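A structural walkthrough
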Amino acid sequence: MSRYSATEIEARWQEAWDKAGIFRASRQADRPKYYVLEMFPYPSGRIHMGHVRNYTMGDVIARYKIATGHNVLHPMGWDAFGMPAENAAMASGGHPKDWTYQNIADMRAQMKPLGLSIDWSREFATCDPEYYGQQQALFLDMLDAGLVYRKNAVVNWDPVDMTVLANEQVENGRGWRSGALVERRELTQWFFKISSMSEELLSALDTLENWPAKVRLMQENWIGKSRGLQFSFERTDGGAPITVYTTRPDTLMGASFVGISPDHPIAKQLEAENPEVAAEVARMREGGTTEEAIETAEKRGYDTGIRVRHPLDPNWELPVWIANFILMDYGTGAIFACPAHDQRDLDFCRKYDLPVIDTFLDLDDPKPVANTAFVPPKEQKVRWVNHFAGLDVATGQEAVDATIRFAETAGWGEGVTKYRLRDWGLSRQRYWGCPIPVVHCDSCGVVPEKKENLPVRLPDDVSFDRPGNPLDRHPTWRDCACPSCGKPAKRETDTMDTFVDSSWYFARFTAPRAETPTVMEDAEYWMNVDQYIGGIEHAILHLLYSRFFARAMHITGHLPAKSKEPFDALFTQGMVTHEIYQTRDENGRPVYHLPEDVENGKLKATGEPVEIIPSAKMSKSKKNVVDPVSIISAFGADTARWFVLSDSPPERDVEWTAAGAEAAHKHLNRVWNLSDRIGAMQPDASGEGDEDLLREMHKCIRDVTNGVESFGFNAAIAKLYAFTNTLAKSTAGAAAQKQAIMTLAQLMSPMTPHLAEDIWAHQGGEGLVATAPWPKADPAMLVDAAVILPIQINGKRRAEISVPVDMGKAEVEKLALATDAVQKALNGAAPKKVIVVPGRIVNVVV
RNA sequence: GCGGGUGUGGCGGAAUGGUAGACGCGAGGGUCUCAAACACCCUUACCGCAAGGUGUGUCGGUUCGAGUCCGACCACCCGCACCA
């Protein structure tokens, strides 16, 4: 008898797959294709358990699809541009390129032992000139198509990273990577016209049926479509009218004041002229922009002294206030406040003693607003106090529509649809990114580089001893000839946001070595991604940008029309979490400890007890990390794969526990021993219960297949556990047991491919289990001859009977009524009602 | 504040409106062993000696029957842009 040695068999089978080339994808018109993709990693240098979980899920799908006859594309690459490489270069003096490629080599070496069914021949990194050169070509095509433009813009400047951040990359007023307070600066920037597709990107969300509803909703909110009324208030001093946008124009008769943002041109003008305003506005701008700060921040306002006329009553004058809760970059940066129906406005008016006017009342409880604004859902009917368009009882939505029509007819306002989505600023003042392929010429202006000169390569001879962009201070790289007039000119030194790199890599995988961004035949064949898998953290940015890019690539002829939505199905997996072990230093500050240094709640080294903090996402700072490499060397890849799939539903977080990992390993050992035992049986040995075993086997095929198809990996694994237990206890003959163990190996092969392969070979299976056709459940074997029916009395289970599966309702009822429990409950009386659900249950109502 | 999600044993979690707690962990008991480890077997929602009763966050409702459907509420988690 031999022993299960994961290290030995895993290396052997990986070599066998490699040799057979079974994961190499090529176009085959006669087979259905399947493209499965996991979000590609940033090459940090170390894989973590989150990667293992992400790639294992994709691998299960990929291997299952291979077994069901699909031509599978399952590629892998590296999201390799970005600031950590520059940070590392600044910290330790190396070159971002060397750092990145070394990390890629390290990570690839850590990933390969996982035994993933990846077509490594398609691998690329976004920092390969062959990739970013094609990205530059795409950029030029998009420029041609009017999808890229330059404008002066106030940008978020990160003073630590010395770079511009997209609005979306600013978190609570701080840079999302550096955490530094963001400053506002004006620069000329390149923008993608993503806002030109707002409506399209919004309405197409409805077609993404196989995306999580949550992600679609997040994108919907991000695009932020609203319908409202735009109109102007005339100033009594004859100054330029103040234009406001409102989604509740129906409350105009409840207007209390006009509010403008501290960044509104009028506020800025007053700020420049009047020191008192300047001081007040400065106070409004300070204070955190965090949720908490905003929640607790007091409403602040300043009466400008400006007065405006109400559009419906020239004698009605409203004051104009600067208010800290009005944002300049939404709508027009000016509003009218209706305190009766907006809590913010109400708080403000109570503070500054401004009037509160009810415009509509609750039908059931028509009392005036006191200190809580009356804000019913827009679908709720309310009674109007004084509606200029003559409404009496109507919903808010009806009133909004009526008001817009009224204003348009009267000519003092217009209905406007606005989107919150803003254009995507892509310029970054960084070295380690894709150079923007344009040239600045004194005579010709901004000139696109010629395609034959692509890629515009990053120079290698750069240093990072000073902050800022080394391309700016490079002695020769900037100098070039103008592509248009040939005179000396300067290259653009900005590089692209790394979100550009990840916005089309999925398309590049279909033709990774092509001399054009894509090849239409390959894109036609392989696109779309049938199943995309990744973290929820990319719900908005990456996925929205990719949707935009896919459309842009269609417009520029790089993708077929069907790829406008590039990801047919999306799955967002949960995180891997772990308990946190903490002690405190002499100053009471927390000190964290790696799980491998802790045993039974004590530090291995000193015996000091640790405080155990409930599980959280694995993070280096909390040291609650488990290194996949050490798990693989201790237990093997199959154990790690099995465990990350087994304990929780894939969309939820899974808690890594040492006990769980050991249990997974024990189980795989048990399966291996089982195969060993069955292999040693006399081939013609007969036994008891062949049919029972095979029936269970077919049920297991059905359940595991359903589980894999529906991302119920944990449920599929539970069924595999149960069937293994059944097989271990079976006394069936050798032939049945052999069939059972081989089927078990096949069903396990997407999750634990190496072990499955070894068992398959041990049992004399033909070829590789990786390419063996997926087993089919025989419907006839799924139906049991007899079924146990629970008997309920008034909905409570009291007894059970065993009946043939095809027994008629009347007969079942007779048997049920004859049971002791029912007889006792009836006590001679007739039942009020008997419900018989065939094959399920009998309920007797007494 | 707005939007979304989740609440089931000691723990992770199963359950097309039909036997709540599959499967795993942990725990307890046993076999083997000089002993331990490994392995294997049994038990394990709670209360109760038992009969029996109670149980899926809380309260109500629909139903022959509710973890599942409906209403209100509570708690926790996630996202967000005070979005007019």
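Residues numbered from 1 in each chain as written. Chains lettered and ligands numbered in written order. Predicted model: local features only at pLDDT ≥ 70, side-chain atom pairs only at ≥ 80, totals over all residues. Heavy atoms only, no water.

**Observations regarding the sheet that holds strand β16 (residues 393-395)**
Read across the open sheet, the three strands follow the order β14-β15-β16; overall the sheet is antiparallel. The outermost strands of the open sheet, each flanked by one partner alone, are β14 (360-361) and β16. When β14 meets strand β15 (residues 381-384), the two strands line up antiparallel, connected through two bridges. Looking at β15, one finds that Phe360 is bridged to Trp384. Along the sheet, helix α12 (residues 396-410) makes contact with β15 and β16, crossing β16 at roughly 95 degrees. (Pairing = 2+ DSSP bridges. Helix = DSSP H or I, 4+ residues; strand = E, 2+ residues; numbered from the N terminus. Contact = heavy atoms within 4.5 Å. Axes fitted to C-alpha atoms, helices over the stretch in contact; angles between N-to-C directions.)

**Focus: the packing of aromatic side chains**
The final tally for this structure, using the stated rule, is 38 aromatic pairs. Judged by centre distance (4.9 Å) and plane angle (55 degrees), the rings of Phe192 and Trp424 are tilted. Of this pair, Phe192 sits in strand β7 (residues 183-192) while Trp424 sits in strand β18 (residues 424-425); the two residues are 232 residues apart in sequence, bridging distant segments of the chain. Note on accessibility: Phe192 and Trp424 belong to one class, buried. The interplanar angle of 70 degrees and the centroid separation of 5.7 Å between the aromatic rings of Tyr505 and Phe509 together place this pair among those described as edge-to-face. When its relative accessible area of 0% is taken as the criterion, Phe509 is described as buried. Over the ring of Trp477 we find Arg491, and its NZ or CZ is 5.9 Å from the ring centre. (Phe/Tyr/Trp six-rings, centres within 6.5 Å; stacked < 30°, edge-to-face > 60°. Buried < 20%, exposed > 50% of the residue type's maximum accessible area, 1.4 Å probe, protein only. Lys NZ or Arg CZ within 6 Å of the ring centre and 35° of its normal.)

**A short note on the domain arrangement of chain A**
Interfaces are frequently sized by the accessible area removed from exposure as the parts join. Under the domain assignment used here, chain A contains domain 1 (225-419), domain 2 (581-629), domain 3 (657-781) and domain 4 (786-845). Relative placement of domain 2 and domain 3: their C-alpha centres are 39 Å apart. (Domains from an automatic or database assignment.)

**Looking at the side chain of Asp501**
Summarising the element assignment, Asp501 is placed in helix α14 (residues 498-501). Within the structure, Asp501 has its side chain in polar contact with the side chain of Gln135 (distance 2.7 Å). With residues up to four places along the chain from it excluded, the contact list for Asp501 reads Asp79, Phe81, Thr126, Tyr131, Gln135 and Cys434. (Polar contact = N/O pair within 3.5 Å; in protein donor to acceptor, adjacent residues only side chain to side chain.)

**Section: the pairing of strand β26 (residues 570-573)**
The alternating pattern of β26 places Leu570 and Thr572 and Phe571 and Gln573 on opposite faces, both of which are buried. Two elements, strand β25 (residues 531-535) and β26, share four bridges in a ladder whose sense is parallel. Among the inter-strand pairings, Ile533 is bridged to a residue of β26, identified as Phe571. Read as a crossover between parallel neighbours, the route from β25 over helix α17 (residues 541-555) to β26 is right-handed. (Right-handed = clockwise from strand over helix to strand, strands pointing away.)

**Considering the sheet that holds strand β34 (residues 796-804)**
Reading across from one edge, β34-β33-β36-β35 is the order of the four strands in this open sheet, with mixed pairing throughout. A single partner strand is all that each edge strand has here, and the edge strands are β34 and β35 (833-837). Between one strand and the next, the sheet's axes are offset by a mean angle of 20 degrees, whatever the strand orientation. Bridge count for β35 against strand β36 (residues 841-845) is five bridges, and the pairing is antiparallel. Residue pairing across strands places Val837 opposite Ile841, the latter belonging to β36. Strands β33 (786-793), β34, β35 and β36 of the sheet are contacted by helix α26 (residues 809-817), whose axis makes an angle of about 120 degrees with β35.

**Describing unusual backbone geometry**
Here the residue pair Leu454 and Pro455 is connected by a cis peptide bond, since its omega of -5 degrees sits within 30 degrees of zero. Here the residue pair Met527 and Asn528 is connected by a cis peptide bond, since its omega of 5 degrees sits within 30 degrees of zero. By the secondary structure assignment, Asn528 is in the loop between α16 (520-526) and β25. Residues other than glycine seldom take positive phi values, yet Phe711 does so here, at roughly 60 degrees. Inspection of the secondary structure assignment puts Phe711 in the loop between α21 (690-709) and α22 (713-729). Phe711 sits in the buried class, given a relative accessible area of 9%.

**As for the nonpolar core**
In terms of nonpolar packing, the biggest core is built from 163 residues, with Phe139, Phe192, Tyr505, Phe549 and Trp656 touching the most fellow members. With 10 residues, helix α2 (residues 49-67) is the largest single contributor of residues to this core. If sequence neighbours within four positions are ignored, Phe139 has contacts with Val148, Trp190, Phe192, Leu426, Ile436, Pro437, Val438 and Met496. Judged by nonpolar contacts, the second largest core, of 30 residues, contains Val281, Leu318, Ile322 and Trp412. (Core = buried A, V, L, I, M, F, W, Y, C linked by side-chain atoms within 4.5 Å.)

**Some thoughts on the side chain of Glu280**
By the element assignment, Glu280 lies in helix α9 (residues 275-285). For Glu280, a relative accessible area of 15% puts it in the buried group. A polar side-chain atom of Glu280 sits 3.1 Å from a polar atom in the side chain of Arg300. In contact with Glu280, not counting residues within four places along its chain, are Arg300, Gly301 and Tyr302.

**Notes on α2**
An α-helix turns once every 3.6 residues. As a result, residues three or four positions apart point the same way. With 19 residues, α2 extends 26 Å from end C-alpha to end C-alpha; this agrees with the ideal 27 Å at 1.5 Å per step. The buried fraction of α2 is high, at 18 of 19 residues. Just downstream of α2 lies Gly69, where phi reads positive at about 90 degrees. (Expected span 1.5 Å × (residues − 1).)

**Remarks on the layout of surface pockets**
For the second largest pocket, the calculated volume is near 430 Å³. Surrounding the second largest pocket, 18 residues form its lining, Pro595, Glu596, Ile631, Trp656 and Ala658 being those nearest its centre. For the lining of the second largest pocket, the elements supplying multiple residues, two or more each, are β27 (576-584), α18 (628-635) and α20 (658-679). For the lining of the second largest pocket, the per-class residue count stands at 11 nonpolar, three polar and four charged. (1 Å grid on protein atoms, 1.4 Å probe; cavity = no way out; pocket = protein on both sides within 12 Å on 5 of 7 lines; lining within 4 Å. Points joined across faces, edges and corners; volume = space filled by probe spheres on them. Nonpolar A, V, L, I, M, F, W, Y, C, P; charged D, E, K, R; others polar.)

**As for the pairing of strand β11 (residues 301-310)**
Pairing analysis gives two bridges linking strand β8 (residues 226-235) to β11, with the strands arranged antiparallel. Note on β11: the bridge partner recorded for Arg235 is Val308. Note: β11 against strand β12 (residues 313-323), seven bridges, orientation antiparallel. Bridge pairing links Arg309 to Glu317 in β12. Linkage of β11 to β12, two consecutive antiparallel strands, is achieved through a turn of two residues.

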